[in-house]
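# Report on the structure
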There are 2 protein chains.
Amino acid sequence: VARPRAREAGARVIAAATTGNAGTSLACLAASVGMPCVVLVPASAPEAKLSQLLAYGAQVLAVKGNYDAAYDLCVELCRRLGWVNRNTGLNPFTREGKKTCSFEIWEQLGRQAPDRIVVPVGDGNIISGIWKGMTELRALGLVDRLPRLVCAQAASSDAVSRAVRAVRGIQASGAPPTWADVRIEPVQADTIADSLAVDRPRDGLAAVRAVIESRGEALTVTDGEIVAAVAEVATTTGLFVEPAAAVTWACLKRLARNGTLDPAERLVLILTGSGLKNVAAVRAAAPPPTVIEPTLPAALAALQGFTRSAQK
Amino acid sequence: VARPRAREAGARVIAAATTGNAGTSLACLAASVGMPCVVLVPASAPEAKLSQLLAYGAQVLAVKGNYDAAYDLCVELCRRLGWVNRNTGLNPFTREGKKTCSFEIWEQLGRQAPDRIVVPVGDGNIISGIWKGMTELRALGLVDRLPRLVCAQAASSDAVSRAVRAVRGIQASGAPPTWADVRIEPVQADTIADSLAVDRPRDGLAAVRAVIESRGEALTVTDGEIVAAVAEVATTTGLFVEPAAAVTWACLKRLARNGTLDPAERLVLILTGSGLKNVAAVRAAAPPPTVIEPTLPAALAALQGFTRSAQK
């Protein structure tokens, strides 16, 4: 949505700061119309995400710093050079793009809203977009009730979750929330879920509102739970997803453990990226493959434990 | 197709040698029914393919040697332990699986066969399967003519292409080909298209027959052409594919240069794997991203050449 809008506006160059996924999408679409595209990533971006950006012909700057540093630099750069900035949250058209996720869910569920949607939250743009999409469906009379939204975050990248708790605290004391007064405190994000590693969520206030207004909740999970979730999603659903996506599965397990899952409810998990985009989580979870000489005795020796259990 | 067949046969364990893609599919399907699965890969298999196998819970052996060494070892291992062997070509059900690609092409083209299909060839199992599928469609009266098949190979992994030329030589001398006499000479495969790196193609004879019987042709391309093709496919079609898949695009360009492309013909390219599975080709083609300090002057300096050309 942001890319065609940039073209309408007559922009010559479009730029964005990204941990990888949004930038790849932008680079792909920019290439399709021959628009030059600059992408700023944290220098620690996974190899696979960098490769995709380069294949699509983006001009890539690896910024020594985190996503927030790349984000702020992209703002300065676009201001100076008059480029269109596609930065998530800052560019209002990104939320318009994300809201279509709700339309897809509605369509695929037979034109109904689910009871709950578990959404991975970094900048907060996906959950704010999903909430916008659902409220628009209700305004159009296409759904009669709205789903509750579960904000799923990594433990160290939990600025939105903290703000949700703060607002709930104000509500519990009887005062109605005054959105203009809500402040989102930055955190020091450091998680294997690289796409969610955000110190200051750029669409944070709207994300908090989505959770509060939908009567949802905010959950955080540890990197250990995220790493385990990657393998669990793969073996139980066949989907190989990146750590940032597996966060929603880990939160689903939390809901189950908390006893707040209703077996009759219709719950949707958002899984946002392919596992091939960040293979570090898998390597952290699984023992490395056994390297062997190409001989039968070597293979039999390496498989001793496995064959014993498999032949049972 | 091979996996459910293994279950019908009452197998306790299924194993395969693979460069990565077939093994991932096997591991995923085996996990879905709780069947133990052993996968042998060449020790040089790309990180992403290993990660996918491990995420799906496969028992992975990294064999010091090439695909052919892993293949032969898997044969020995399955014989010794009574396991079902899914090795491509050796297991006849793999061709039954691959043939469904023809049914999909036929369906997606409005129940018609194309004029030509360009197929990446390693073991030769995909092209033999596509030929089987197309001939079955004709036997059923669902198509009235068969497409010509173009065998697309990497220059150093060209055993099938060499055999096609040898058979054409025999045909030119007036003698009809006697398939029992056709020998496929092994090569020393060494290519960036890792999924096609095969010394002895295990479904080679059927691959040669598919090309000859369809009145197709065999083309080989260099690693340089393959690397360039990855970026060309990405920027012109939006698809980010692995080197083994980009081989068909490079062959399409060969056809264009040879003047043997008919603008009116309907030609299908088979693109087999995601570019995220082997990012080495992209890194070989593109300059690495510029690493910069998170400051505006650093960004402006790094983008000097780009901004000059973009502002034109």
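Residues numbered from 1 in each chain as written. Chains lettered and ligands numbered in written order. Predicted model: local features only at pLDDT ≥ 70, side-chain atom pairs only at ≥ 80, totals over all residues. Heavy atoms only, no water.

### Things to note about the packing of aromatic side chains
- With the rule as written, the count across this model stands at 6 aromatic pairs over all chains.
- The interplanar angle of 75° and the centroid separation of 5.8 Å between the aromatic rings of A:Tyr67 and A:Tyr71 together place this pair among those described as edge-to-face. Placement of both A:Tyr67 and A:Tyr71 in helix H4 (residues 67-81) is noted, with a separation of 4 residues, approximately one turn of the helix.
- With centroids separated by 6.3 Å and ring planes inclined at 50°, the aromatic side chains of A:Phe240 and B:Tyr56 adopt a geometry described as tilted. Taken as a pair, A:Phe240 in the loop between helix H9 (223-237) and helix H10 (243-257) and B:Tyr56 in the loop between helix H3 (47-55) and strand S3 (59-63) lie in two separate chains rather than in one.
- A relative accessible area of 9% means that A:Phe240 is categorised as buried.
- Given the relative accessible area of 6%, B:Tyr56 is considered buried. (Phe/Tyr/Trp six-rings, centres within 6.5 Å; stacked < 30°, edge-to-face > 60°. Helix = DSSP H or I, 4+ residues; strand = E, 2+ residues; numbered from the N terminus. Buried < 20%, exposed > 50% of the residue type's maximum accessible area, 1.4 Å probe, protein only.)

### So, the relation of the copies chain B and chain A
- Taken as rigid bodies, chain B and chain A are interconverted by a rotation of 180° and an axial shift of 0.0 Å, the fit giving an RMSD of 0.0 Å. Such a turn and shift between the copies fits a two-fold axis. Minimal C-alpha distance to the rotation axis in chain B is attained by B:Leu276, lying at 2.9 Å.
- An overlap of 100% is found between the interface residues of chain B and their copies at the interface of chain A, pointing to a shared contact surface. (Least-squares fit on C-alpha atoms with pLDDT ≥ 70 in both. Contact = heavy atoms within 4.5 Å.)

### Brief notes about the interface of chain B and chain A
- The partner chain A presents 61 residues to the 61 residues of chain B that form the contact.
- Both sides of the chain B and chain A interface together cover about 5,500 Å² of buried area, and 71% of this is carbon and sulfur.
- Considering only the side of chain B, the residues that lose the most area to chain A are B:Leu276, B:Leu296 and B:Phe306, jointly responsible for 11% of the buried surface there.
- Counting across the interface, chain B meets chain A through 4 salt bridges.
- A:Glu293 is the partner of B:Lys64 in a salt bridge, and the nearest nitrogen-oxygen pair spans 2.9 Å.
- At the junction of chain B and chain A, the tally comes to 16 residue pairs in polar contact (both at pLDDT 80 or more).
- A total of 7 residues in the side of chain B that touches chain A trace back to one element, the largest contributor, which is H3(B).
- Its residues placed into classes, the side of chain B that touches chain A shows 40 nonpolar, 12 polar and 9 charged.
- In the sheet, strand S9 (residues 290-292) of chain A pairs with S3(B) via 3 bridges, with the strands oriented parallel. Along S3(B), the bridge assignment pairs A:Ile292 with B:Val63. (Buried area = accessible area lost by both parts, 1.4 Å probe. Salt bridge = Lys/Arg side-chain N within 4 Å of Asp/Glu carboxyl O. Polar contact = N/O pair within 3.5 Å; in protein donor to acceptor, adjacent residues only side chain to side chain. Nonpolar A, V, L, I, M, F, W, Y, C, P; charged D, E, K, R; others polar. Pairing = 2+ DSSP bridges.)

### Here we look at the environment of B:Met134
Residues and elements named next belong to chain B.
- For Met134, the location among the structural elements is in helix H6 (residues 125-139).
- Accessibility expressed as a relative area gives 0% for Met134, which makes it buried.
- With 168 residues separating them along the chain, Met134 and Ala302 place their C-alpha atoms 53 Å apart.
- In this view, Met134 contacts Ser102, Ile105, Ala113, Pro114, Ile117, Val143, Leu146 and Pro147; residues no more than four positions away in its chain are not counted.

### Quick look at the side chain of B:Gln153
Residues and elements named next belong to chain B.
- When you line up the elements, Gln153 lands in strand S6 (residues 148-154).
- With a relative accessible area of 1%, Gln153 lands in the buried category.
- Engagement of the side chain of Gln153 in a polar contact is seen with the backbone oxygen of Ser157, the distance being 3.1 Å.
- Leaving out residues up to four positions away in the same chain, Gln153 has contacts with Val121, Gly122, Asp158, Ala159, Val160, Ser161, Leu219, Thr220, Val221, Val247 and Cys251.

### Remarks on the confidence of the model for chain A
- Of the residues in chain A, 99% reach a pLDDT of 70 or more, and the chain-wide mean stands at 93.
- What the predictor reports for the complex is a pTM of 0.91 with an ipTM of 0.88. (pLDDT = per-residue confidence, 0-100.)

### Considerations on the sheet that holds strand S8 (residues 267-269) of chain B
Residues and elements named next belong to chain B.
- Read across the open sheet, the 4 strands follow the order S7-S6-S5-S8; overall the sheet is parallel. Two strands lie at the open edges of the sheet, namely strand S7 (217-221) and S8, each paired on one side alone. For this sheet, the mean angle separating the axes of adjacent strands, direction not counted, is 20°.
- In this structure, strand S5 (residues 116-120) lies alongside S8, joined through 3 bridges in parallel fashion. Considered in S8, the bridge of Arg116 is made with Leu267.
- The sheet strands contacting helix H10 (residues 243-257) are S5, S6, S7 and S8, and the helix crosses S7 at an angle near 110°. (Axes fitted to C-alpha atoms, helices over the stretch in contact; angles between N-to-C directions.)

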